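Each chain, written out:
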Amino acid sequence: MMINVFQPSLGAEELSAVSEVFESNWLGHGPRTKEFEAQFAAHLDVAPENTIFISSATAGLFLTTELLGLGPDDDVVLPAVSFVAAGNAVAATGARPVFCDVDTHTLNPTAAHVERALTPRTKAVLLLHYGGHPGDIAAIANLCRTRDVRLIEDAACAVASGVDGKKAGTFGDVAMWSFDSMKVLVTGDGGMLYVRDAELARRARRLAYHGLEQSSGFAAAKVSHRWWELNVQDFGRRIIGNDLTAAIGSVQLRRLPEFVERRRAVAEQYDRLLADADGIRLPPALPAGHTGTYYFYWVQLDAAVRDQVAADLLEKGIYTTFRYPPLHKVPAYRGGGAVLPNTDTASSTTLLLPLHQGLDDAEVRTVADELRKAVEHRGAGTRA
Ligand SMILES: *Cc1c(COP(=O)(O)O)cnc(C)c1O
């Protein structure tokens, strides 16, 4: 049997929430969406008007570029170790993606990495929190404020992360989370958008639904004798979430602390089992005051053996992977000139081990044992 690298936990509670939505006979955007938005806002400790349940984090990234008015005259700084959707959302506007380097061990950029990449044309910085580690987010938020640059947080990895009690995703101007099937909190497909400014949040809500001012159904029928008429304020897309996926999201959000706790235990078990292994560098510890989501558990191996070790593990039924293949190597973004030595090192040495709340202790031991064996066998024992 295969040990997956990511895996969701869905069960009777989610099924019963879905079944209630079926009985209500309303699958679309409605009361359960509102409820999930409010619960997620409470989780972030922000106002519910500022959170918008959408169809994916990618849709949120594209909407954000529009919300912030990014275009051909602008530069957007993002770490080369970013998800492809971030590069696409920026490049699609005609803005220039400027890739910055990352720390070799954390795979997050430091404030210094971001600062070096700023230009007079920089309009926004677009960050993620690698593997759920908040990283240098507080210092980078300060830097962006000082330089009058908007900060976008792709918080897809960081649904439960924070610094000194402040949640990842609430440091910048706009943030998005992903609830796709490979994330920690899953709804099938789905995402949350957080917009700090109240007016901009109202505009985001319109842009997420045809550019229409949202007053529909019975409420609108009471105030207008022609409730079918259009009130177009923006030329928007249609990326709203629905009550079916929101109902799953509410259950998953309630279970999130339990998921993260189990993931933390798995990560600690790997730490113990691999502590003295030659040729295997363990992921960095979370700095004091930081909380993580434990989305990735990454080890670093000698670049000469990393790919072969991954292939050996796959043969043993253990699926590993690398996130995120660096974007400065993608010709479509025209970032080929960027010299990013840490990104290059991290990309050729990093491997993500299976980490999810469904793993049992025996599976974690199997992964650790097989990894040690593969690394020894490939002769990297003393080199990495
Ligand atoms: C998964 C992921 C996304 C995309 O999320 P979708 O909801 O699938 O669009 C974006 N950014 C990061 C960092 C991710 O891991």
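The structure reproduced in this document is the subject of the present report.

How each quantity is defined
Residues numbered from 1 in each chain as written. Predicted model: local features only at pLDDT ≥ 70, side-chain atom pairs only at ≥ 80, totals over all residues. Heavy atoms only, no water. Helix = DSSP H or I, 4+ residues; strand = E, 2+ residues; numbered from the N terminus. Buried < 20%, exposed > 50% of the residue type's maximum accessible area, 1.4 Å probe, protein only. Areas by Shrake-Rupley, 256 points an atom, 1.4 Å probe, with all protein chains shown as cover. Lys, Arg positive; Asp, Glu negative; His and termini not counted. Charge placed at Lys NZ, Arg CZ, Asp CG, Glu CD. Near = heavy atom within 4 Å. Polar contact = N/O pair within 3.5 Å; in protein donor to acceptor, adjacent residues only side chain to side chain. 1 Å grid on protein atoms, 1.4 Å probe; cavity = no way out; pocket = protein on both sides within 12 Å on 5 of 7 lines; lining within 4 Å. Sits in = over half its atoms within 2 Å of the grid points. Nonpolar A, V, L, I, M, F, W, Y, C, P; charged D, E, K, R; others polar. Contact = heavy atoms within 4.5 Å.

## Topic: the overall build of the protein chain
Part 1: Across its full length, the protein chain holds 12 helices and 12 strands.
Part 2: In terms of overall dimensions, the protein chain has C-alpha extents of about 80 × 55 × 35 Å along its principal axes.
Part 3: Buried residues in the protein chain amount to 54% of all 384 residues.
Part 4: Accessible area of the protein chain: about 16,900 Å², with a carbon and sulfur share of 53%.
Part 5: Computed over 38 positive and 46 negative side-chain charges, the inter-centroid distance for the protein chain is 3 Å.

## Quick notes on unusual backbone geometry
The phi torsion of most residues other than glycine is negative, and most of the peptide bonds are trans.
Part 1: A cis amide bond links Arg323 to the next residue, Tyr324, at an omega of -10°.
Part 2: Mapped onto the elements of the fold, Tyr324 is located in the loop between helix H10 (306-315) and helix H11 (341-349).
Part 3: Although it is not a glycine, Asp45 sits at a positive phi angle of roughly 65°.
Part 4: With respect to the helices and strands, Asp45 occurs in the loop between helix H2 (31-44) and strand S1 (51-54).

## Considering the site of the ligand
Part 1: The local shell around the ligand consists of Ser56, Ala57, Thr58, Phe83, Asp154, Ala156, Cys157, Ser178, Asp180, Lys183, Gly190 and Tyr324.
Part 2: Here an oxygen atom of the ligand and a backbone polar atom of Ala57 are 2.9 Å apart.
Part 3: Tyr324 has a polar side-chain atom sitting 2.6 Å from an oxygen atom of the ligand.
Part 4: About the coverage of the ligand: the protein hides 92% of its 380 Å² of free accessible area.
Part 5: Structurally, the ligand is housed in the second largest pocket.
Part 6: A per-class count over the shell around the ligand returns five nonpolar, four polar and three charged.

## Let's talk about the environment of Val76
Part 1: Within the secondary structure, Val76 sits in strand S2 (residues 75-79).
Part 2: For Val76, a relative accessible area of 0% puts it in the buried group.
Part 3: Separated by 23 residues in the primary sequence, Val76 and Phe99 place their C-alpha atoms 8.3 Å from one another.
Part 4: Excluding its chain neighbours within four sequence positions, the residues that come into contact with Val76 are Leu70, Val90, Ala95, Arg96, Pro97, Val98, Ala124 and Leu126.

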